[in-house]
There are 2 protein chains.
Amino acid sequence: MTKVIIIGSGNVATHLIKAFYKSSKVQVIQLFNRSATSTEGIPVTNSYDELLNADLYIIAVSDDSISEVSHKLPFKGRLVVHTSGSVALDELAPENRRGVFYPLQSFSRNKDISFAGIPLCIEAGNDEDRKLLEYVAHSISRKVYRVNSEQRRSLHLAAVFVNNFVNHLYAIGNDICKKNDLSFDLLKPLIAETAEKIENMSPAEAQTGPAKRHDETTVQKHLDQLNTYPTYKKIYETLTKSIQKH
Amino acid sequence: MTKVIIIGSGNVATHLIKAFYKSSKVQVIQLFNRSATSTEGIPVTNSYDELLNADLYIIAVSDDSISEVSHKLPFKGRLVVHTSGSVALDELAPENRRGVFYPLQSFSRNKDISFAGIPLCIEAGNDEDRKLLEYVAHSISRKVYRVNSEQRRSLHLAAVFVNNFVNHLYAIGNDICKKNDLSFDLLKPLIAETAEKIENMSPAEAQTGPAKRHDETTVQKHLDQLNTYPTYKKIYETLTKSIQKH
Ligand SMILES: NC(=O)c1ccc[n+]([C@@H]2O[C@H](COP(=O)([O-])OP(=O)(O)OC[C@H]3O[C@@H](n4cnc5c(N)ncnc54)[C@H](OP(=O)(O)O)[C@@H]3O)[C@@H](O)[C@H]2O)c1
Ligand SMILES: NC(=O)c1ccc[n+]([C@@H]2O[C@H](COP(=O)([O-])OP(=O)(O)OC[C@H]3O[C@@H](n4cnc5c(N)ncnc54)[C@H](OP(=O)(O)O)[C@@H]3O)[C@@H](O)[C@H]2O)c1
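Residues numbered from 1 in each chain as written. Chains lettered and ligands numbered in written order. Predicted model: local features only at pLDDT ≥ 70, side-chain atom pairs only at ≥ 80, totals over all residues. Heavy atoms only, no water.

Examining the site of ligand 2
Residue and element names in this part refer to chain B.
Then, number 1: Lining the immediate surroundings of ligand 2 are 22 residues, of which Ser9, Val12, Arg34, Asp63 and Ser65 lie closest.
Then, number 2: Separating an oxygen atom of ligand 2 from a backbone N or O atom of Ser62 is a distance of 3.3 Å.
Then, number 3: Here an oxygen atom of ligand 2 sits 3.5 Å away from a polar atom, N or O, in the main chain of Gln105.
Then, number 4: Starting from 890 Å² of accessible surface for ligand 2 in isolation, the protein chains cover 75%.
Then, number 5: Of all the secondary-structure elements, those providing two or more residues to the shell around ligand 2 are helix 1 (11–21), helix 2 (63–72) and strand 6 (97–103). (Near = heavy atom within 4 Å. Polar contact = N/O pair within 3.5 Å; in protein donor to acceptor, adjacent residues only side chain to side chain. Areas by Shrake-Rupley, 256 points an atom, 1.4 Å probe, with all protein chains shown as cover. Helix = DSSP H or I, 4+ residues; strand = E, 2+ residues; numbered from the N terminus.)

In C-alpha cells form, the structure reads like this:
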C-alpha cells in the first residue's frame with residue numbers, strides 16, 4: 001500500500017481523505033491539522049515533529065500558507081505536493097521532492113461528490129515521482145492529466161470563467177426573476193440544458209441568441225430593460241460585443 | 001380531445017409536435033408550413049385557406065413573422081397563441097382571441113429533450129382561454145406558470161444571461177484550453193457541478209472565487225495572463241466588479 005499523509009482539514013483535504021478511504025491501493029496513514037481533528041478514525045497530529053514516514057505528503061491548505069507549511073516539514077528528500085491551481089511548483093520548499101496534485105473541481109463542504117470523474121492534474125520534478133502521483137491519482141479517479149505549472153495557471157483562469165463567472169450570471173438571472181415576482185425555478189431547466197449541451201457540442205456550435213444573430217432590435221430592447229441596473233447593462237454590452245467578435 | 005393546429009416547422013414546432021403526439025388529451029389535427037412538410041404522419045397544408053377548425057392555433061414561427069402570420073389567418077374569434085419570449089401578446093392580430101404559450105428552454109434541432117420538465121409560460125386575454133392553455137400545457141409538462149407580457153420579457157432577458165452569455169463563457173474557457181494545448185474535457189466536470197450546485201443552493205450562496213474573496217493578488221495575476229486577450233480581460237474586469245458589488 002502506498003502511504004499518504006494529508007495536511008489540512010479544509011474542503012479539499014476532507015474530500016481527498018474520503019476518496020482515499022475507499023481505495024485499496026493507497027492508505028492515508030496520518031492527518032495533520034492545527035486543531036488535531038481526526039476523520040474516518042485516521043491518526044491525527046498537530047505537531048510537525050510527529051509526522052510519520054510516508055511515500056507522499058499532500059499539503060491541502062490555503063494557497064497563502066502552502067509555502068510556509070512546506071518549509072515547516074522537518075525532513076528532506078521526500079515527495080511533497082500541494083493541491084492548488086494557482087500556486088507554482090517551486091513555491092514548495094526545495095528540501096523535498098516537489099509536485100502538484102490539483103483536482104479541477106469546485107468542492108463544497110456539505111456536498112458529496114464522487115472523485116471518480118474529477119480531473120486530477122499532476123506535476124512532478126522527475127519521472128519516478130510523476131509515476132507515483134499518477135498511481136495515487138488513478139486510485140481515486142479515472143481522469144489523470146499531466147499538466148505543467150503554466151498550463152495549470154491557465155486552467156485555473158479558465159475555471160474562473162466557467163465556474164465563478166458563470167455562477168454570477170446565474171445570480172443575475174435570479175435577481176431579474178425576483179424583481180419581477182418570478183421563481184428562479186423557471187430558469188433551472190434552461191441552466192441544466194445549457195451546461196449539458198457542451199458535453200457533445202463545442203460551445204461555439206452551441207451559441208445562440210440575439211448577440212449571435214446580430215439581432216440589434218432585441219439587443220437594444222434588452223439594454224433598455226437594464227437601464228435601472230447599470231452594472232448588469234455593462235455586462236450585457238461587454239458579453240454581446242465579445243460574442244459578435246468571436 | 002382538444003384539437004390543436006401548429007403553424008411553423010422550426011425547432012419549437014418540431015419539438016411541440018413530438019410532445020403532443022404522446023399526449024392522450026390533445027391531438028394535433030393539422031400542420032401548416034411553407035414547404036408542406038408532414039411530421040408524425042399528421043396532415044399538412046401550406047395554404048391558409050385550407051386551415052381546419054381547431055380549439056387552438058399555435059404560431060411557432062420566427063419572432064419577426066408572428067404578426068404577419070397572425071394577420072393571414074382567414075378566420076375570427078378563435079384562440080391563437082405564439083411561442084415567443086420577447087413578442088408581446090398584442091402583436092397578434094386582434095381579430096382572434098390571443099395568447100402566449102412560451103416554453104422556457106433552448107431547443108436544438110438534433111437534440112431530443114423531454115417536455116415534461118420544461119416550464120411553459122402561459123398568457124391569455126380571458127379566464128376561459130387561460131384554462132384551456134393550462135390544460136393543453138399540462139398535457140405535456142409538469143411545470144405550467146401564468147406569466148404576463150412584462151414578466152415574460154424579463155424572463156427572456158434573464159435567459160440571455162443564463163444561456164447565451166453562460167455559453168459564451170464556456171467558449172472562452174475552451175479558447176484558453178486550446179491556446180495551452182489542453183483538452184476542454186478538463187473543464188466539463190466543473191461546468192456540470194457549477195450548474196448542479198444551484199439546484200439546491202442560491203447562486204449567491206454558491207459564489208466562490210478570487211473576486212468574491214477580494215483576493216486582489218490572484219485577480220491581478222489573472223488580468224496579466226489576459227493581456228493578449230483584451231476582450232476577455234474586459235469581461236474579467238466587468239464580472240469581477242459586479243461580483244464584488246453584489
Ligand atoms: N475548494 C476548492 O474547490 C478547491 C479546488 C481545487 C483546489 N483547491 C486548493 O486546495 C487547497 C485547499 O483549499 P480548500 O478549499 O480545502 O481550503 P479551505 O477549505 O479554506 O481550508 C484551508 C485549510 O488550510 C488550513 N491552513 C491554513 N493556513 C494554515 C497554516 N498556516 N498551517 C496549517 N494549516 C493551515 C486550514 O486549517 P485551519 O482549519 O486550522 O484554519 C484549513 O484546514 C488550496 O490550495 C486551494 O487552492 C481548492
Ligand atoms: N429555439 C428556441 O430555443 C426557442 C425557445 C423558446 C421560444 N422560441 C420561440 O419560438 C418561435 C419559433 O422559434 P424556432 O426556434 O422554432 O425558429 P426556427 O427554428 O428558426 O424556425 C422558424 C420557423 O418559422 C417559419 N417562418 C418564418 N417566417 C415565416 C412566414 N412568414 N410564414 C410562415 N412561416 C414562417 C419557418 O418556416 P420555413 O421553414 O418555411 O422558413 C420556420 O418553420 C419564435 O417565436 C422563438 O422566439 C424559440
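Details of the nonpolar core
Then, number 1: Phe161, Leu169 and Tyr170 of chain A together with Phe161, Leu169 and Tyr170 of chain B are the most contacted members of the largest nonpolar core, which totals 76 residues.
Then, number 2: The contact partners of Phe161 of chain B, leaving out residues within four places of it in the chain, are Leu169, Ile172, Ile176, Leu226, Tyr232, Ile235 and Tyr236 of chain A together with Val166 of chain B.
Then, number 3: Judged by nonpolar contacts, the second largest core, of 29 residues, contains Leu31, Val81, Phe115 and Leu133 of chain A. (Core = buried A, V, L, I, M, F, W, Y, C linked by side-chain atoms within 4.5 Å. Buried < 20%, exposed > 50% of the residue type's maximum accessible area, 1.4 Å probe, protein only. Contact = heavy atoms within 4.5 Å.)

Observations regarding the UniProt feature "domain: Putative oxidoreductase/dehydrogenase Rossmann-like" (unreviewed entry) in chain A
Then, number 1: Cross-referencing UniProt, the feature "domain: Putative oxidoreductase/dehydrogenase Rossmann-like" (unreviewed entry) maps to residues 3–100 of chain A in the present numbering.
Then, number 2: This span, residues 3–100 of chain A, is 21% helix and 27% strand, and a straight line between its end C-alpha atoms measures 17 Å. (UniProt positions renumbered as here; feature names shortened; annotations may be inferred.)

So, the relation of the copies chain A and chain B
Then, number 1: In screw terms, the move from chain A to chain B is a rotation of 180 degrees and a rise of 0.0 Å along the axis, fitting with an RMSD of 0.0 Å. Here the symmetry operator amounts to a two-fold rotation axis. Considering only C-alpha atoms, the residue of chain A closest to the rotation axis is Val166 of chain A, which sits at 2.8 Å.
Then, number 2: Mapped onto chain B, 100% of the interface residues of chain A again fall at the interface, so both copies present the same surface. (Least-squares fit on C-alpha atoms with pLDDT ≥ 70 in both.)

Here's the deal with the sheet that holds strand 3 (residues 44–45) of chain A
Residues and elements named next belong to chain A.
Then, number 1: Within the open sheet, the eight strands sit side by side as 3-2-1-4-5-6-7-8. Their pairing is mixed. Where the open sheet ends on each side, the last strands, each with one partner, are strand 3 and strand 8 (144–146).
Then, number 2: Examined bridge by bridge, strand 1 (residues 2–7) and strand 2 (residues 26–32) share six bridges and lie parallel to one another. Pairing of Thr2 across the sheet is with Val26, part of strand 2.
Then, number 3: Packing of helix 3 (residues 127–138) onto the sheet brings it into contact with strand 1, strand 2, strand 4 (56–59), strand 5 (79–82), strand 6 (97–103), strand 7 (120–124) and strand 8, and relative to strand 7 it is tilted by some 160 degrees. (Pairing = 2+ DSSP bridges. Axes fitted to C-alpha atoms, helices over the stretch in contact; angles between N-to-C directions.)

So, the confidence of the model for chain A
Then, number 1: Scored by pLDDT, chain A has a mean of 97; 100% of the residues are at 70 or more.
Then, number 2: For this predicted complex, the interface confidence reaches an ipTM of 0.96, while the overall pTM sits at 0.95. (pLDDT = per-residue confidence, 0-100.)

Structural notes on unusual backbone geometry
Residue and element names in this part refer to chain A.
Then, number 1: The phi dihedral of Ala36 is positive, around 50 degrees, even though this residue is not glycine.
Then, number 2: Along the chain, the position of Ala36 falls in the loop between strand 2 and strand 3.
Then, number 3: With relative accessibility at 31%, the residue Ala36 sits in the partly exposed group.
Then, number 4: One non-glycine residue with positive phi stands out, namely Glu40, at about 50 degrees.
Then, number 5: Note on placement: Glu40 falls in the loop between strand 2 and strand 3.
Then, number 6: Residue Glu40 is classed as partly exposed on the basis of its relative accessible area of 34%.

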